Amino acid sequence: MPNKTKKEKVSGCLRGCNMNESGSKRPSNSTPPPTQLNKIKYSGGPQLVKKERRQSSSRFSLTKNRELQKLPALKDSPLVDREELFVQKLRQCCVLFDFVSDPLSDLKYKEVKRAGLNEMVEYITHNSDVVTECIYPEAVLMFSVNLFRTLPPSSNPTGAEFDPEEDEPTLEAAWPHLQLVYEFFLRFLESPDFQPNVSKKYIDQKFVMSLLELFDSEDPRERDFLKTILHRIYGKFLGLRAYIRRQINNIFYRFIYETEHHNGIAELLEILGSIINGFALPLKEEHKMFLIRVLLPLHKVKSLSVYHPQLAYCVVQFLEKDSGLTEPVIMGLLKFWPKTHSPKEVMFLNELEEILDVIEPSEFVKVQEPLFRQLSKCVSSPHFQVAERALYYWNNEYIMSLISDNAAKILPIMFPALYKNSKSHWNKTIHGLIYNALKLFMEMNQKLFDDCTQQYKAEKQKEKYKLKEREEIWHKIEELARQNPQGTKDLKKDKVLMRRKSELPQDVYTIKALEAHKRAEEYLTANQEAL
Amino acid sequence: MAGADGDDSLYPIAVLIDELRNEDVQLRLNSIKKLSTIALALGVERTRTELLPFLTDTIYDEDEVLLALAEQLGNFTMLVGGPEYVHCLLPPLESLATVEETVVRDKAVESLRKISQEHSPVDLEVHFEPLVKRLASGDWFTSRTSACGLFSVCYPRVSSTVKAEIRQHFRTLCSDDTPMVRRAAASKLGEFAKVLELDYVKSDIISLFTALASDEQDSVRLLAVEACVSIATLLPQEDLETLVMPTLRQAAEDKSWRVRYMVADKFSELQKAVGPEITKNDLVPAFQNLLKDCEAEVRAAAANKVKEFCENLPEDSREQIIMTHILPCVKELVSDTNQHVKSALASVIMGLSTILGKDNTIEHLLPLFLAQLKDECPEVRLNIISNLDCVNEVIGIRQLSQSLLPAIVELAEDAKWRVRLAIIEYMPLLAGQLGVEFFDEKLNTLCMAWLIDHVYAIREAATCNLMKLVEKFGAEWAQNTIVPKVLGMANDPNYLHRMTTLFCINALSEACGQDITTKQMLPVVLKMSNDQVANVRFNVAKSLQKIGPVLDSNALQSEVKPVLEKLATDTDMDVKYFAQEAISVLALA
């Protein structure tokens with residue numbers, strides 16, 4: 001597959017290079033947004049009482065004989081012996097120590113290992129021709145032995161109590177060693193001598209699988225290393241690319257549909273962001289499916305806030321590559337639009353604006369109606385941050401030009417929501433923003449604006465009539481259903497049965513009437529069984 | 001509205017179509033929930049020919065609506081014309097079984113399982129089984145996942161050729177590429193094994209079980225442990241050793257704690273499934289290892305099973321196994337570093353005393369109970385106290401009472417009201433075990449102190465507790481110890497405490513009987529009708545209504561009636577209301 005390199009480039013940097021932080025609205029999309037290491041915390045305020053922390057760092061199966069002998073330094077030994085010595089040092093570093101139950105154990109030998117790792121990091125960075133053929137299996141083995149492990153039980157509660165933004169992660173106790181092992185391996189991968197062809201015997205699917213499992217680590221430092229390492233592997237090992245993408249998808253499916261719990265989603269999305277960046281055009285069907293079946297459903301998980309910037313970046317990347325995907329993306333967002341979670345709704349509005357920033361006018365026309373029906377709900381939201389965020393769209397020139405071009409369709413949808421809330425919304429800021437929005441509409445097309453006003457008033461009058469009509473229609477159907485021999489008894493309407501919170505006056509007759517009531521469904525199924 | 005007046009027959013569907021187009025999800029949801037009404041209005045034939053095709057073709061909606069639809073269709077058999085036509089429901093359910101959202105899919109599968117029972121064997125082969133096949137070979141993992149739940153419901157009622165096909169499909173799904181499907185298959189493995197003929201269990205299921213139990217993903221492996229229980233139950237004893245045990249042993253020592261946790265969690269079931277001999281030789285050492293596992297999660301799960309495991313050991317060697325193998329591990333767990341482990345142990349450890357008998361309990365278990373009673377974590381102490389009855393049967397509670405008291409007192413004054421609440425709930429039990437003298441001497445003051453706790457839930461529980469104590473110790477005891485103190489609170493400056501008096505009277509009057517109620521309680525209640533706080537006054541009315549049936553008619557007429565009549569003219573409307581209600585309920589008008 002050598003020609004694949006041309007088709008699919010992986011952008012070389014995840015972050016740190018070419019950060020274009022200009023204030024322009026159009027996103028600068030050369031790098032995915034980096035995952036934060038530290039969650040932003042409110043400073044000041046009363047110190048919360050810390051709940052008792054459970055010690056739950058990873059358990060490593062310790063090596064029995066941990067008495068390491070200090071080996072001579074690589075740089076002081078003759079050139080001919082260095083390879084042999086390097087291998088010896090790598091093997092020495094396969095010895096595992098206890099950092100959890102007894103942090104003070106084997107201090108001397110821990111130091112030997114630490115110094116050895118440190119030395120090898122230096123050695124591999126500053127010398128050429130040291131990554132020789134016999135180093136590959138030893139380096140990969142050393143990495144695997146030190147890192148591939150079952151992650152410990154989460155120290156944070158699962159379910160409703162878990163707040164990925166607030167709860168503190170458990171850090172790896174063995175980090176002093178782990179960090180150096182990661183660093184060494186990264187230098188190893190990046191070494192100019194590194195030959196993917198030689199190493200693919202060792203860095204195989206199984207290796208990648210184990211690497212991916214570590215992404216659930218609670219320690220953000222570890223995930224940061226993993227991210228860079230996986231990204232490099234994706235870049236260098238063409239044969240593993242499809243496999244890596246497939247396995248990442250499986251992690252996402254499990255996260256979306258089964259557990260809703262995984263610590264490394266943001267990092268994985270960050271890698272994918274740069275992968276998508278390099279996709280060749282036209283996009284393969286597989287990649288489009290990934291957008292529709294993985295990235296969009298990721299929007300519905302409750303911990304969206306943790307990885308939303310990375311997710312939105314990936315989505316916008318796709319749309320910049322192929323504007324034909326706009327309609328399914330926007331329809332997908334509308335499908336997963338949050339119903340009760342206001343902060344999440346604000347995130348959706350942010351993402352939607354990013355998408356609208358890059359939308360083609362021809363695509364806009366296809367989605368404008370459902371889109372603005374949702375926006376009309378957002379501007380009427382009783383949560384003022386949602387309403388406010390939606391109304392900020394009216395400050396976006398590009399969006400306003402799109403609205404203006406399609407005013408005949410959009411105004412009638414938006415008008416009722418704006419008009420109604422121009423007086424009735426509880427928040428004064430919203431009044432100002434709505435006033436501004438209505439004014440812009442009026443300037444856009446005075447005649448249309450007046451028509452909408454008229455129509456709104458007419459609709460308002462018809463509303464009651466419609467409600468009544470609807471009730472009558474159902475009444476008629478129930479009438480018909482009653483004529484069916486299967487439904488011989490009365491079909492009662494579903495009533496909301498009384499719910500009480502107070503102990504205050506209760507009417508005996510009401511209680512009796514409620515107790516005597518039979519719900520229609522109960523009666524219906526019972527009747528069917530009787531037949 | 002289409003056909004609103006002219007053609008009545010088209011009407012119901014037109015309404016549904018119209019409503020399902022509505023913007024408001026709630027409205028669409030309501031319409032779907034009334035689907036049976038529409039079907040009734042249409043009649044069976046037109047439900048089959050018009051409603052179901054419409055639903056199959058046009059349904060694309062929010063998951064909430066789809067969920068409601070999937071549920072409704074499971075109960076639709078009669079509405080399409082009975083079992084003869086039940087297969088008409090398959091197309092819409094098939095497409096619901098392939099959607100992405102898990103809850104919708106699961107509900108569709110549930111409905112399909114339900115209506116599969118209503119298919120005749122012929123229909124099952126002609127209509128249902130092909131659907132299962134289509135799902136099982138679907139492109140997208142969702143449909144294959146759904147298929148896993150459908151094999152076992154159709155297998156028993158189809159011909160042997162079709163059975164062979166079904167087995168083949170299940171095999172394929174067990175080695176599916178996506179872990180989601182393998183998980184679904186692994187979770188149904190036990191269920192599927194149960195409907196298979198024994199020969200196929202041995203030839204097919206065992207190899208699938210072995211493969212799933214050594215899957216690369218621990219989430220798959222742990223599901224195989226669940227299946228292990230069903231499979232081991234199905235096989236004859238002589239085959240267990242070769243077919244099941246290697247895999248089970250491997251699971252108990254899996255490198256992933258999740259798998260070991262599962263083994264610990266299912267330990268009692270596994271124990272029953274493999275029988276006494278294997279238990280002695282294999283499970284005992286495995287259980288010891290789990291009790292000593294390096295992850296607290298696993299230790300806690302195993303600790304929870306200690307009692308059940310010991311109970312189910314074969315009688316001939318039970319005591320010996322417990323004393324030499326289990327008890328040493330249990331002793332270590334008492335001082336575990338993790339409070340969840342200790343508290344799991346505390347909830348079952350008392351149960352060991354019945355198994356080990358008096359002497360062993362005193363010698364070996366008692367020190368452990370005492371240690372746990374002094375544990376720093378309130379949950380551990382509570383769990384010990386809540387199981388005191390087990391020990392009482394074996395050695396009597398006296399052995400413990402010296403250590404018990406400080407533990408109870410400390411819990412009774414715990415800063416967390418939920419802890420206080422929990423200990424109150426065990427008071428009647430404790431009182432029964434410890435006897436009246438001990439109670440009067442040591443615990444009575446505690447019970448009275450709770451009545452003036454600053455948390456309402458505690459005061460309420462304390463009131464209820466008093467009632468249970470009176471039921472245990474009798475009216476005479478109440479008259480001497482409780483009633484005076486309760487009535488004394490009627491003069492408390494805090495109106496909440498005065499109300500507590502009334503609540504206590506409500507709870508106690510019946511248990512105390514007519515004499516005490518009339519002579520001691522009634523005067524206090526009546527006197528409180530002049531309280532300056534309206535809440536107290538209307539509670540007087542409520543109390544009078546409550547204790548009225550206990551009083552004789554003389555007292556009712558001469559004492560209660562005038563007071564209620566006066567309250568019925570109170571300035572406060574709630575007082576008036578409850579006074580009037582009491583008058584009418586007690587028939588004093």
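Since the structure is predicted, the reported quantities are computational estimates derived from the model, not experimental observations. (Residues numbered from 1 in each chain as written. Chains lettered and ligands numbered in written order. Predicted model: local features only at pLDDT ≥ 70, side-chain atom pairs only at ≥ 80, totals over all residues. Heavy atoms only, no water.)

The next point concerns the overall build of chain B. Of the regular secondary structure elements, chain B holds 34 helices and zero strands. Scaling as 2.2 N^0.38, a compact globule of 589 residues should have a C-alpha radius of gyration of about 25 Å, whereas chain B reaches 33 Å, well beyond that. Expressed as a percentage of the 589 residues in chain B, the buried residues total 59%. Contacts in chain B between residues at least 24 apart in sequence constitute 68% of all its contacts with a sequence separation of at least 6. (Helix = DSSP H or I, 4+ residues; strand = E, 2+ residues; numbered from the N terminus. Rg over C-alpha atoms; globule rule 2.2 N^0.38 Å. Buried < 20%, exposed > 50% of the residue type's maximum accessible area, 1.4 Å probe, protein only. Contact = heavy atoms within 4.5 Å.)

Residues and elements named next belong to chain B. Its place among the elements puts Asn360 in helix α23 (residues 352-373). A distance of 2.9 Å separates polar atoms of two side chains, one belonging to Asn360 and the other to Glu319. Setting aside anything within four residues of it in sequence, one finds Asn360 in contact with Glu319, Met323 and Leu365. (Polar contact = N/O pair within 3.5 Å; in protein donor to acceptor, adjacent residues only side chain to side chain.)

This brings us to the state of the cysteines. This model, assessed by the stated rule, comprises zero disulfides over all chains. No disulfide involves Cys94 of chain A; its sulfur sits 7.4 Å from that of Cys93 of chain A, the nearest cysteine. (Disulfide = S-S within 2.5 Å.)

Frequently, the measure chosen for interface size is the accessible area that the parts lose on association. Segmentation of chain B into domains returns domain 1 (8-118) and domain 2 (506-588). Put simply, the middle of domain 1 of chain B and the middle of domain 2 of chain B, counted by C-alpha atoms, are 57 Å apart. (Domains from an automatic or database assignment.)

Our next topic: the confidence of the model for chain B. All names here are of chain B. The predicted model of chain B has a mean per-residue pLDDT of 88, with 98% of residues at 70 or higher. Below a pLDDT of 50 lies the segment residues 1-6, which in the model reaches seven contacts outside its immediate sequence neighbourhood of four places, other chains included. For this predicted complex, the interface confidence comes out at an ipTM of 0.76, alongside a pTM of 0.79. (pLDDT = per-residue confidence, 0-100.)

Residues and elements named next belong to chain B. Among the eight residues in helix α22 (residues 339-346), six count as buried, and that is most of the element. Restricting attention to buried positions, one finds in α22 the residues Val341, Lys342, Ser343, Ala344, Leu345 and Ala346. Buried-residue contacts for α22 involve α19 (296-304), α20 (306-311), α21 (318-334), α23 and α24 (378-386). N-capping of α22 is provided by Asn338, with a side-chain oxygen placed 2.7 Å from the backbone N of His340.

Attention shifts here to the packing of aromatic side chains. Pairs of aromatic rings are described using the distance from one ring centre to the other and the angle between the two planes. Residue and element names in this part refer to chain A. Throughout the structure, instances matching the rule amount to 44 aromatic pairs over all chains. A centroid spacing of 5.8 Å and a plane angle of 75 degrees characterise the contact between Phe255 and Tyr307, whose relative ring orientation is edge-to-face. Placement of the pair is Phe255 in helix α9 (residues 241-259) and Tyr307 in the loop between α11 (285-295) and α12 (308-321), with a sequence separation of 52 residues. The exposure class of Phe255 is buried, given its relative accessible area of 2%. Here Tyr307 falls in the buried class, since its relative accessible area comes to 1%. (Phe/Tyr/Trp six-rings, centres within 6.5 Å; stacked < 30°, edge-to-face > 60°.)

Put simply, Leu281 of chain A and Pro282 of chain A share a cis peptide bond, and its omega is -5 degrees. Relative to the helices and strands, Pro282 of chain A is located in the loop between α10 (265-277) and α11. Despite not being glycine, Asp129 of chain A has its phi angle at roughly 60 degrees, a positive value. Of note, Ala587 of chain B is a non-glycine position whose phi angle comes to about 55 degrees, a positive value. For Ala587 of chain B, the position within the fold is in the segment after α34 (573-585).

Before going further, it helps to examine the nonpolar core. Among the nonpolar cores identified, the biggest contains 377 residues, and Ile233 and Leu298 of chain A together with Leu564 of chain B are the most heavily contacted of them. Of the residues forming this core, the biggest block, 13 residues, is contributed by helix α31 (residues 495-528) of chain B. Structurally, this core is a two-domain feature, drawing no fewer than three residues from each of domain 1 (8-118) and domain 2 (506-588) of chain B. Residue contacts for Leu564 of chain B: discarding those within four places in its chain leaves Ala541, Leu544, Ala579, Ala582, Ile583, Leu586 and Leu588 of chain B. (Core = buried A, V, L, I, M, F, W, Y, C linked by side-chain atoms within 4.5 Å.)

What follows concerns the pattern of salt bridges. All names here are of chain A. A complete count under the given rule lists 51 salt bridges over all chains for this structure. Of the charged contacts, one joins Glu286 and Arg245 as a salt bridge, the two residues approaching to 3.0 Å between their closest N and O atoms. With Glu286 in helix α11 and Arg245 in helix α9, this pair connects stretches of sequence that are 41 residues apart. Residue Glu286 is classed as partly exposed on the basis of its relative accessible area of 38%. For the salt bridge of Glu258 with Arg254, the shortest nitrogen-to-oxygen distance reads 3.4 Å. Taken together, the positions of Glu258 and Arg254, both in helix α9 and four residues apart, correspond to about one turn of that helix. (Salt bridge = Lys/Arg side-chain N within 4 Å of Asp/Glu carboxyl O.)

So, on to the interface of chain B and chain A. Listed by partner, the interface residues are 55 residues for chain B and 41 residues for chain A. Together chain B and chain A conceal approximately 4500 Å² of surface at their shared face, both sides included; 54% is due to carbon and sulfur atoms. Considering only the side of chain B, the residues that lose the most area to chain A are Leu40, Met78 and Glu100 of chain B, jointly responsible for 14% of the buried surface there. For the interface between chain B and chain A, the tally reads five salt bridges. Applying the counting criterion to the chain B and chain A interface returns eight residue pairs in polar contact (both at pLDDT 80 or more). Considering each element in turn, the side of chain B that touches chain A owes the most residues, five residues, to helix α3 (residues 35-42) of chain B. Here the side of chain B that touches chain A is composed, by residue class, of 22 nonpolar, 13 polar and 20 charged. (Buried area = accessible area lost by both parts, 1.4 Å probe. Nonpolar A, V, L, I, M, F, W, Y, C, P; charged D, E, K, R; others polar.)

Turning our eyes to something else, we now look at α31 of chain B. Residues and elements named next belong to chain B. When the terminal C-alpha atoms of α31 are compared, their 11 Å separation across 34 residues is substantially less than the 50 Å that a helix rising 1.5 Å per residue should span. In the structure, α31 departs most strongly from a straight axis at Gly513, where the bend amounts to approximately 130 degrees. Looking at where α31 begins, the residue whose side-chain oxygen comes 2.8 Å from the main-chain nitrogen of Leu496 is Asn494. (Expected span 1.5 Å × (residues − 1). Bend = angle between axes of the 7 residues up to and from the residue.)

A few words now on the UniProt feature "domain: Phosphatase 2A Regulatory Subunit A helical" (unreviewed entry) in chain B. Here, the residues flagged by UniProt with the feature "domain: Phosphatase 2A Regulatory Subunit A helical" (unreviewed entry) are residues 89-270 of chain B. Between the first and last C-alpha atoms of residues 89-270 of chain B the distance is 39 Å; the span itself is 79% helix and 0% strand. (UniProt positions renumbered as here; feature names shortened; annotations may be inferred.)

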